[in-house]
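# Secondary and tertiary structure notes
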Amino acid sequence: MTDDVRNIVLGLIAAGISATLGWLARTYLWKRKLRRKQAFFGLPDNSESLLVVNREAGGPELTVMRHDVFALLELSALIKDCGAHAQVVPHDAARQGFGERTEFCVGGPASNRRMAAHLHSLLPGIQVNTDPEPGPDRGALRIGGELYRLEAGREEYVVLARLTGDLGREARPVFLFCGQRAITNQAATRYLARHHTRLARKYGGNSFVLLLKVVNSQAYGPDVVELVADVTRAAQAPAPAASARCSHRAS
């Protein structure tokens, strides 16, 4: 074997080894990223999850608003990426506790009984004005001592939460998307899809409650979203007596 042939063979061997090591490294990093994503969403391979849908106010039970359908599509893509499966359940037919299956609950308490129950049990510090009569506080969110009013199409708010109740970090989480309008629910699911890596890095397996503001949705749709505050402590604190009555009425 001449030196030239030997160099060619050694070069091919080195290239093959480098390609194999590169493929193994990429596969390892991809799997590690996937495992972290699965852990954050509580969705291991072939696991089951629930998509709890609301209904359009005044409509039939399974009439879901257009932007809420888009929100469900955003969540379905996340679930599929984790190698898990989703079951769509109407809000008044979802009767399970916490920790068995990951749950994604979409819609405010006026149109989603399951959401109303979650707010009452897990986030008593959040009250939602569900008064059907027109007024400046219709649809407003009160968290702690702060009031966040709805300005349709201009400034709208939505609560994005990841909760595990009192079952510990190993329990399957419940994700809440509680917005003032359907478009804000979609904005919250899109925010979660875009920022879940950062949220997982910051919170790990712990619960969190974020207040988001959707800016000028009449022009930008659900794409321009600002993080207002982490309101976890205020949302989980017991509501004052007067506010508790309001929350109970909203539920």
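As a starting point, this report considers the structure included with it. (Residues numbered from 1 in each chain as written. Predicted model: local features only at pLDDT ≥ 70, side-chain atom pairs only at ≥ 80, totals over all residues. Heavy atoms only, no water.)

## With respect to the pairing of strand S1 (residues 48–53)
- A large share of S1 lies buried, amounting to 5 of its 6 residues.
- Two strands pair when backbone bridges link them, and S1 and strand S2 (residues 85–90) are joined in this way by 6 bridges, in the parallel orientation. When the bridges of S2 are listed, Val 53 appears paired with Pro 90.
- The sheet contact formed by S1 and strand S3 (residues 102–106) spans 4 bridges and is parallel. Within S3, the residue paired with Val 52 across the bridge is Cys 105. (Buried < 20%, exposed > 50% of the residue type's maximum accessible area, 1.4 Å probe, protein only. Helix = DSSP H or I, 4+ residues; strand = E, 2+ residues; numbered from the N terminus. Pairing = 2+ DSSP bridges.)

## Structural notes on the side chain of Gln 186
- By secondary structure assignment, the location of Gln 186 is in helix H4 (residues 182–203).
- A residue is classified by how much of its surface remains accessible, and Gln 186, at 4% relative accessible area, is buried.
- A distance of 2.9 Å separates the side chain of Gln 186 from the side chain of His 67, its partner in a polar contact.
- Ignoring any residue separated from it by four or fewer positions in sequence, one finds Gln 186 in contact with His 67, Phe 70, Ala 71, Glu 74 and Pro 222. (Polar contact = N/O pair within 3.5 Å; in protein donor to acceptor, adjacent residues only side chain to side chain. Contact = heavy atoms within 4.5 Å.)

## Concerning the nonpolar core
- In terms of nonpolar packing, the biggest core is built from 28 residues, with Phe 41, Phe 104, Phe 177 and Leu 192 touching the most fellow members.
- Secondary-structure elements contributing two or more residues to this core are helix H1 (3–41), S1, helix H2 (66–81), S3, strand S7 (155–163), strand S8 (174–179), H4 and strand S9 (208–215).
- The element contributing the most residues to this core is H4, with 6 residues.
- Among all residues touching Leu 192, those that are not within four sequence positions of it are Phe 40, Phe 41, Leu 78, Leu 160, Phe 175, Phe 177 and Leu 199.
- Membership of the second largest hydrophobic core comes to 24 residues, among which are Leu 119, Leu 122, Ile 126 and Cys 178. (Core = buried A, V, L, I, M, F, W, Y, C linked by side-chain atoms within 4.5 Å.)

## With respect to the environment of Met 115
- As for its position among the elements, Met 115 is in helix H3 (residues 113–122).
- The exposure class of Met 115 is buried, given its relative accessible area of 0%.
- Here the alpha-carbon distance between Met 115 and His 91, two residues 24 residues apart in the chain, equals 7.9 Å.

Any link to function would need more than the numbers given here.
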